[in-house]
Amino acid sequence: MPNVEITVAGVDRIVAKLGKVESMRQLAPAMRRAVLRLQRDLQEYPPVRPGSRYVRGKGWADANGVVTRLTSEKLGQRWTTKVTVSSTELVGRVGNNASYAPFVQSRQFQARVHQGRWLTDAGAMNRNADAIVRDFETAISDAVK
């Protein structure tokens, strides 16, 4: 899925006081909380569409409700997070390796049938941006005291 980013102001203050290596170490817990917030929201499924023949976690069913095509890759269970801390950067990633994930939850590639129903990567960022920024600002403020 494509990158969606949030920029936090004030990082230069912590770097000036603690240096890059220690700054990245101090900010890592905030990044871990950020990616977990996003993962939690992206794992939520919207209500099943009325009349849908798709059985979540299984695949497509016939008119009698019998699953005839096993196609599910269990989208909600395939979300992962990773935080990488180096001497020069702190990167948090949230991803999903289900083959159809971008067509369901990527702002860039979301299929029309899912629009307005499934939360996108950008939607999760927008929903959580204020809390994520506050969390980083608090970590910065606490570290530079």
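Computed from a predicted structure; not experimentally measured. (Residues numbered from 1 in each chain as written. Predicted model: local features only at pLDDT ≥ 70, side-chain atom pairs only at ≥ 80, totals over all residues. Heavy atoms only, no water.)

## Looking at the overall build of the protein
Secondary structure assignment for the protein yields four helices and five strands. When the helices and strands of the protein are listed from N to C terminus, the series reads α-α-β-β-β-β-β-α-α. The C-alpha extent of the protein, read off along each of the three principal axes, is 65 × 25 × 20 Å. A total of 145 residues make up the protein; the buried ones form 32% of that total. For the protein, the proportion of contacts with a sequence separation of at least 24, taken over those separated by at least 6, is 60%. As displayed, the protein has an accessible area near 9000 Å², and 50% of this comes from carbon and sulfur atoms. Positive and negative side-chain charges of the protein, numbering 23 and 13 respectively, have mean locations separated by a distance of 6 Å. (Helix = DSSP H or I, 4+ residues; strand = E, 2+ residues; numbered from the N terminus. Buried < 20%, exposed > 50% of the residue type's maximum accessible area, 1.4 Å probe, protein only. Contact = heavy atoms within 4.5 Å. Areas by Shrake-Rupley, 256 points an atom, 1.4 Å probe, with all protein chains shown as cover. Lys, Arg positive; Asp, Glu negative; His and termini not counted. Charge placed at Lys NZ, Arg CZ, Asp CG, Glu CD.)

## Section: the environment of Gln 39
Structurally, Gln 39 can be placed in helix H2 (residues 20-42). It is 9.3 Å that separates the C-alpha atoms of Gln 39 and Gly 76, two residues lying 37 residues apart in sequence.

## Observations concerning the sheet that holds strand S1 (residues 54-55)
If you trace the three strands from one edge of the open sheet to the other, you get S1-S2-S3, paired in antiparallel fashion. The two strands at the open ends of the sheet, each matched to only one other strand, are S1 and strand S3 (67-70). Here three bridges tie strand S2 (residues 59-61) to S3, and the two strands are oriented antiparallel to one another. Bridge pairing links Ala 61 to Val 67 in S3. (Pairing = 2+ DSSP bridges.)

## Some details on the nonpolar core
Here is a general trend for soluble globular proteins: nonpolar side chains tend to be buried in one another's company. Ranked by size, the top nonpolar core spans 26 residues in total, and within it Leu 27, Leu 75, Leu 90 and Phe 136 carry the most contacts. At the level of secondary structure, the elements contributing two or more residues to this core comprise H2, helix H3 (101-105) and helix H4 (121-144). Sort the elements by how many residues they give to this core and H2 lands first, with nine residues. If sequence neighbours within four positions are ignored, Leu 90 has contacts with Met 24, Leu 27, Ala 28, Met 31, Val 83, Thr 84, Val 85 and Phe 136. (Core = buried A, V, L, I, M, F, W, Y, C linked by side-chain atoms within 4.5 Å.)

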